[in-house]
Amino acid sequence: MSDQLASGGRDFGAARGTVGYAETADALAVQYEEVTFDELHRDVLHLVPAEPGRILDVGAGTGRDAAALAARGHSVVAVEPTAELRAHGRRIHADSGIAWADDALPHLTLNRHPGSFDAVFTTAVWMHLDAEERRYAMARIAALLVPGGRFFLNLRHGPVPDGRHMFAVSAAETVELGNTYGLHTVHRGERPDLHGRDSVRWTSLVLRMNAADTSPH
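Conventions used here
Residues numbered from 1 in each chain as written. Predicted model: local features only at pLDDT ≥ 70, side-chain atom pairs only at ≥ 80, totals over all residues. Heavy atoms only, no water. Salt bridge = Lys/Arg side-chain N within 4 Å of Asp/Glu carboxyl O. Helix = DSSP H or I, 4+ residues; strand = E, 2+ residues; numbered from the N terminus. Buried < 20%, exposed > 50% of the residue type's maximum accessible area, 1.4 Å probe, protein only. Pairing = 2+ DSSP bridges. Axes fitted to C-alpha atoms, helices over the stretch in contact; angles between N-to-C directions. Contact = heavy atoms within 4.5 Å. Parallel < 35°, antiparallel > 145°, perpendicular 65-115°, else oblique. Left-handed = near helix turned anticlockwise from the far one by under 90°. Nonpolar A, V, L, I, M, F, W, Y, C, P; charged D, E, K, R; others polar. 1 Å grid on protein atoms, 1.4 Å probe; cavity = no way out; pocket = protein on both sides within 12 Å on 5 of 7 lines; lining within 4 Å. Points joined across faces, edges and corners; volume = space filled by probe spheres on them. Expected span 1.5 Å × (residues − 1). Polar contact = N/O pair within 3.5 Å; in protein donor to acceptor, adjacent residues only side chain to side chain. Right-handed = clockwise from strand over helix to strand, strands pointing away.

### Concerning the pattern of salt bridges
Next up, step 1: Evaluation of the coordinates by the stated rule reveals five salt bridges.
Next up, step 2: With its nearest N and O atoms 3.4 Å apart, the salt bridge here joins Arg72 to Asp38. Residue Arg72 is found in the loop between helix H4 (64-71) and strand S2 (75-79), and its partner Asp38 is found in helix H3 (residues 37-40); the two are separated by 34 residues along the sequence.
Next up, step 3: Classification of Asp38 by relative accessible area gives partly exposed; the value is 40%.
Next up, step 4: Residue Asp65 is joined to Arg64 by a salt bridge in which the shortest nitrogen-to-oxygen separation is 2.8 Å. The same class applies to Asp65 as to Arg64, namely buried.

Structure representation (structure tokens):
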């Protein structure tokens, strides 16, 4: 089934959420790497698969999270639609064994990386999708997870930076949407911004795929 048909006739086209990232990729590469995987995900580290598995990191940026997960023994596919950030990632984490992909939500075709995943990460990604895109993206992620697989995501709350394509997304909406596609919440937490922006805060969610059936209830 094509993305257009699956999404009720809408053709999502290019990832609009990437607007502004290519131009600032050099500065962002430094900013992203200033915070470690363990610092950012400290509240959910116990939910990261302990045994080596297959993990998808969507909106991977410079590959900070992907590299950390690969170092834990996982096979990691890092999806990043911004070529400039992928280039930084390949340079910074050249020896990590990450498989890079030029792709994006909500369509996320993964033509060169088929199959299912034990976990999916979308760090600072979900706010770039509008309501319809979020519905389609949740269905797509649910379809990619193995039974018992976990979906890790962070929701950004705060003013939208100039020139960026972002939406306000609540935890309640995200939890309800996940339930629609067979994902139930196993973690929900709040934290301040780790880059010192007082006007920005984050919600951390982990949703678990409860069954093999990912069709809406």
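There is more to say, and it comes next.
### Some points on unusual backbone geometry
One can expect most non-glycine residues to show negative phi and most peptide bonds to be in trans.
Next up, step 1: Here the amide bond leading from Leu105 into Pro106 is cis, since omega sits at 10°, within 30 degrees of zero.
Next up, step 2: Tracing the backbone shows Pro106 in the loop between strand S3 (99-101) and strand S4 (117-122).
Next up, step 3: At Ala124, a residue that is not glycine, the phi angle is positive and equals roughly 55°.
Next up, step 4: Counting through the fold element by element, Ala124 comes out in the loop between S4 and helix H6 (131-144).

### Re the sheet that holds S3
Next up, step 1: Taken in spatial order, the seven strands line up as S3-S2-S1-S4-S5-S7-S6 in an open sheet, and their pairing is mixed. Either end of the sheet is taken by a strand with one partner, and the two such strands are S3 and strand S6 (183-192). When the angles between neighbouring strand axes are averaged without regard to direction, this sheet yields 15°.
Next up, step 2: In this sheet, strand S5 (residues 145-157) lies alongside S4 in parallel orientation, the contact comprising five bridges. By the bridge assignment, Val120 is partnered in S5 with Phe151.
Next up, step 3: This element, H4, spans strand S1 (54-58), S2 and S4 of the sheet and lies at about 175° to S2.
Next up, step 4: Lying on the sheet, H6 is in contact with S1, S4, S5, S6 and strand S7 (201-209); it crosses S5 at an angle near 145°.

### Topic: the packing of helix H2 (residues 25-34) against helix H5 (residues 83-92)
Packed helix pairs are characterised by how far apart their axes lie and by the angle those axes make with each other.
Next up, step 1: At a minimum axis distance of 9 Å, the contact between H2 and H5 shows a crossing angle of 45°. Here H2 is positioned oblique relative to H5, judged by the angle of their axes. Here the hand of the crossing between H2 and H5 comes out right-handed. When H2 is examined against H5, the residues Ala25, Asp26, Leu28, Ala29, Tyr32 and Glu33 are found in contact with a partner set consisting of Glu84, Leu85, His88 and Ile92.
Next up, step 2: For the contact of H2 with H5, a count of residues per class yields six nonpolar, one polar and three charged.

### Points about empty space enclosed by the protein
Next up, step 1: Within this structure, the stated rule accounts for one cavity of 30 Å³ or more.
Next up, step 2: Here the largest cavity is characterised by a volume of approximately 70 Å³.
Next up, step 3: The wall of the largest cavity is formed by Leu40, His41, Arg42, Asp43, Val44, His187, Gly189, Glu190, Arg191 and Ser204.

### Observations concerning H6
Next up, step 1: Taking 1.5 Å per residue, 14 residues should reach 20 Å; H6 reaches 20 Å between its end C-alpha atoms and fits that length.
Next up, step 2: Where H6 is concerned, the buried positions are Glu133, Arg134, Tyr136, Ala137, Met138, Ile141, Ala142 and Leu144.
Next up, step 3: Where H6 begins, the side chain of Asp130 points an oxygen toward the backbone nitrogen of Glu132, at a separation of 3.2 Å.

### A few points about the pairing of S4
Next up, step 1: When you tally the buried positions in S4, you get five out of six residues, the bulk of the element.
Next up, step 2: Strand direction decides the pairing type here: S1 and S4, joined by three bridges, are parallel. Within the sheet, the bridge partner assigned to Leu56 lies in S4 and is Val120.
Next up, step 3: Of the crossover connections in this fold, the one passing from S4 over H6 to the parallel S5 is right-handed.

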